[in-house]
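What follows is the residue order along each chain.
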Amino acid sequence: MAVDLACYNSAKITNLLGMDLSDILVKIRDLHFSRGNRKIFDGLSMDIPRQGITAIMGPSGTGKTTLLKLIGGQLRPDSGSVEVDGLNVHQLSTGKLFELRQRMGMLFQSGALLTDLSVFENVAYPLREHTKLNEAMIRHLVLLKLNAVGLRGAAEMSPSELSGGMARRVALARAIALDPMMIMYDEPFTGQDPISMGVLVSLIDELNSALKICSIVVSHDVPETLSIANHVHIISAGKVVESGSPDALKSSPSAWTHQFVHGEPDGPVPFHYPAEPILDDLYQTTNKTGD
């Protein structure tokens with residue numbers, strides 16, 4: 001059975017989702033955030049477990065990527081709190097925030113590879129920046145990370161020589177370079193052909209199982225995401241609309257959740273953008289033409 005978070009307070013949510021407090025890595029409470037006059041989050045609360053794949057889903061423009069930036073401390077909320085591993089992200093000093101970020105991996109939507117560096121050097125970059133490892137150890141680690149994503153043979157290639165799917169896999173190797181406790185994936189399947197998408201789905205699932213970490217997948221690609229997610233939060237209008245397992249959400253009685261999960265063209269989210277009745281518009285047009 002899916003859980004409608006709007007009906008429960010924070011303490012009850014934790015129990016209903018079957019999470020002990022010690023198993024929660026990311027705790028978000030009463031989050032408010034706006035861009036100008038547009039409210040992105042209006043009291044959003046959610047828990048993300050320490051292990052497993054948690055999907056954050058919703059229509060385009062609902063603030064999914066913004067939420068990742070708030071978790072990573074790139075943006076500051078208007079009010080509310082974001083805690084990662086017991087630390088309030090937005091109360092940390094710059095130095096402490098940088099330390100926390102070293103324990104987070106990020107797969108950007110575009111891949112964000114450094115175009116002037118080879119594949120090898122892209123993956124080596126965080127190791128050179130944040131560790132004092134010697135070159136032999138860095139080489140071993142980079143080759144192991146590239147091997148994990150199936151691209152050890154592409155180590156000397158440049159980003160411009162890579163396909164879109166290969167670039168995402170290199171970016172994933174870089175994201176796991178420092179053995180993070182958490183990886184955030186921003187729309188990892190967007191723009192991928194079926195084979196590349198299948199490879200990425202399998203990689204995210206296998207890496208999460210092997211590393212026993214927290215993976216947060218932001219996506220609106222429903223079938224691919226639900227095939228690997230352990231927990232799902234669906235957000236809309238600045239709040240969590242519903243949370244639960246993929247199976248629970250597929251059979252949810254909520255009309256809104258049903259429309260989103262099954263990709264139906266009309267429902268609570270209407271096909272037509274709000275407007276005056278068409279006859280009124282046509283009549284006004286006729287009058288203006290007559291004038």
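See the structure above.
Scoring rules and cut-offs
Residues numbered from 1 in each chain as written. Predicted model: local features only at pLDDT ≥ 70, side-chain atom pairs only at ≥ 80, totals over all residues. Heavy atoms only, no water. Buried < 20%, exposed > 50% of the residue type's maximum accessible area, 1.4 Å probe, protein only. Helix = DSSP H or I, 4+ residues; strand = E, 2+ residues; numbered from the N terminus. Contact = heavy atoms within 4.5 Å. Pairing = 2+ DSSP bridges. Axes fitted to C-alpha atoms, helices over the stretch in contact; angles between N-to-C directions. Polar contact = N/O pair within 3.5 Å; in protein donor to acceptor, adjacent residues only side chain to side chain. Parallel < 35°, antiparallel > 145°, perpendicular 65-115°, else oblique. Left-handed = near helix turned anticlockwise from the far one by under 90°. Nonpolar A, V, L, I, M, F, W, Y, C, P; charged D, E, K, R; others polar. Core = buried A, V, L, I, M, F, W, Y, C linked by side-chain atoms within 4.5 Å.

K.L.:
I tried to follow helix α4 (residues 119-130) on my own but got confused; where do I start?
P.N.:
One full turn of an α-helix is made of 3.6 residues, so residues set three or four places apart face in the same direction. Taken together, the buried positions of α4 are Val-119, Phe-120, Asn-122, Val-123, Ala-124, Pro-126 and Leu-127. Looking at the packing, one finds that the buried side of α4 touches α5 (135-148) and α6 (164-175).

K.L.:
Would you mind showing me how to read the sheet that holds strand β3 (residues 52-57) here?
P.N.:
In any sheet, the strands associate via hydrogen bonds between backbone groups, in a parallel or an antiparallel arrangement. Spatial ordering of the open sheet is given by β6-β7-β8-β3-β9-β10, a layout of 6 strands whose pairing is mixed. The sheet is open, and its two edges are formed by β6 (104-107) and β10 (239-244), each paired on a single side. The sheet shows a mean angle of 20° between the axes of neighbouring strands, direction not considered. Summarising the sheet, β3 and strand β8 (residues 214-219) pair through 6 bridges and their orientation is parallel. In the sheet register, Thr-54 faces β8, and the bridge partner there is Ile-216.

K.L.:
Whenever I open this one, the sheet that holds strand β1 (residues 24-35) confuses me. Can you help?
P.N.:
The antiparallel open sheet is built from 4 strands, whose spatial order is β2-β1-β4-β5. At either margin of the open sheet sits one strand with a lone partner, and together these are β2 (38-49) and β5 (87-88). As paired elements, strand β4 (residues 79-84) and β5 share 2 bridges and run antiparallel to each other. The residue of β5 that forms the bridge with Glu-83 is Asn-88. Seen against the sheet, helix α2 (residues 64-71) touches β1, β2 and β4 and runs at an angle of roughly 120° to β1.

K.L.:
Whenever I open this one, the pairing of β2 confuses me. Can you help?
P.N.:
One face of the sheet, then the other: side chains in a regular strand alternate in exactly this way. Across 9 bridges, the pairing between β1 and β2 is antiparallel. Counted as the bridge partner of His-32 is Asp-42 from β2.

K.L.:
Can you help me understand the side chain of Ser-243 in this one?
P.N.:
Relative to the assigned elements, Ser-243 resides in strand β10. Of the residues examined, Ser-243 reaches a relative accessible area of 1% and is grouped as buried. For Ser-243, the side chain forms a polar contact with the side chain of His-233, separated by 2.5 Å.

K.L.:
Just checking my understanding: could you explain the environment of Val-201 for this structure?
P.N.:
Among the secondary structure elements, Val-201 is positioned in helix α7 (residues 194-211). The exposure class of Val-201 is buried, given its relative accessible area of 13%. Val-201 sits 34 residues away from Ile-235 along the chain, and the two C-alpha atoms are 22 Å apart. If we skip the residues at most four places from it in the chain, Val-201 touches Phe-189, Glu-224, Ser-227 and Ile-228.

K.L.:
Even after reading the chapter, I still don't get the packing of α4 against α5, so can you show me in this structure?
P.N.:
Each pair of packed helices can be summarised by the angle the axes make with each other and by the distance between the axes. Orientation of α4 relative to α5, taken along the N-to-C sense of each, is 120°, at an axis distance of 9 Å. Relative to α5, the element α4 is oriented oblique. Like other packed secondary-structure pairs, α4 and α5 cross with a definite hand, here right-handed. Here Val-119, Phe-120, Val-123, Ala-124, Leu-127 and Arg-128 of α4 come into contact with α5, specifically with Glu-135, Ile-138, Arg-139, Leu-141, Val-142, Leu-143, Lys-145 and Leu-146. Looking at side-chain class alone, the contact of α4 with α5 contains 10 nonpolar, no polar and 4 charged residues.

K.L.:
Where do I start with the nonpolar core in this structure?
P.N.:
Soluble, globular proteins show a tendency: their nonpolar side chains are buried together. Residues Val-142, Leu-146, Leu-172, Phe-189 and Val-232 are the most contacted members of the largest nonpolar core, which totals 49 residues. What Val-232 contacts, discounting residues up to four positions off in sequence, is Ala-55, Met-57, Leu-226, Glu-242, Ser-243, Gly-244, Pro-246 and Leu-249. Counting 31 residues, the second largest nonpolar core, distinct from the first, contains Leu-31, Val-84, Met-106 and Ile-216.

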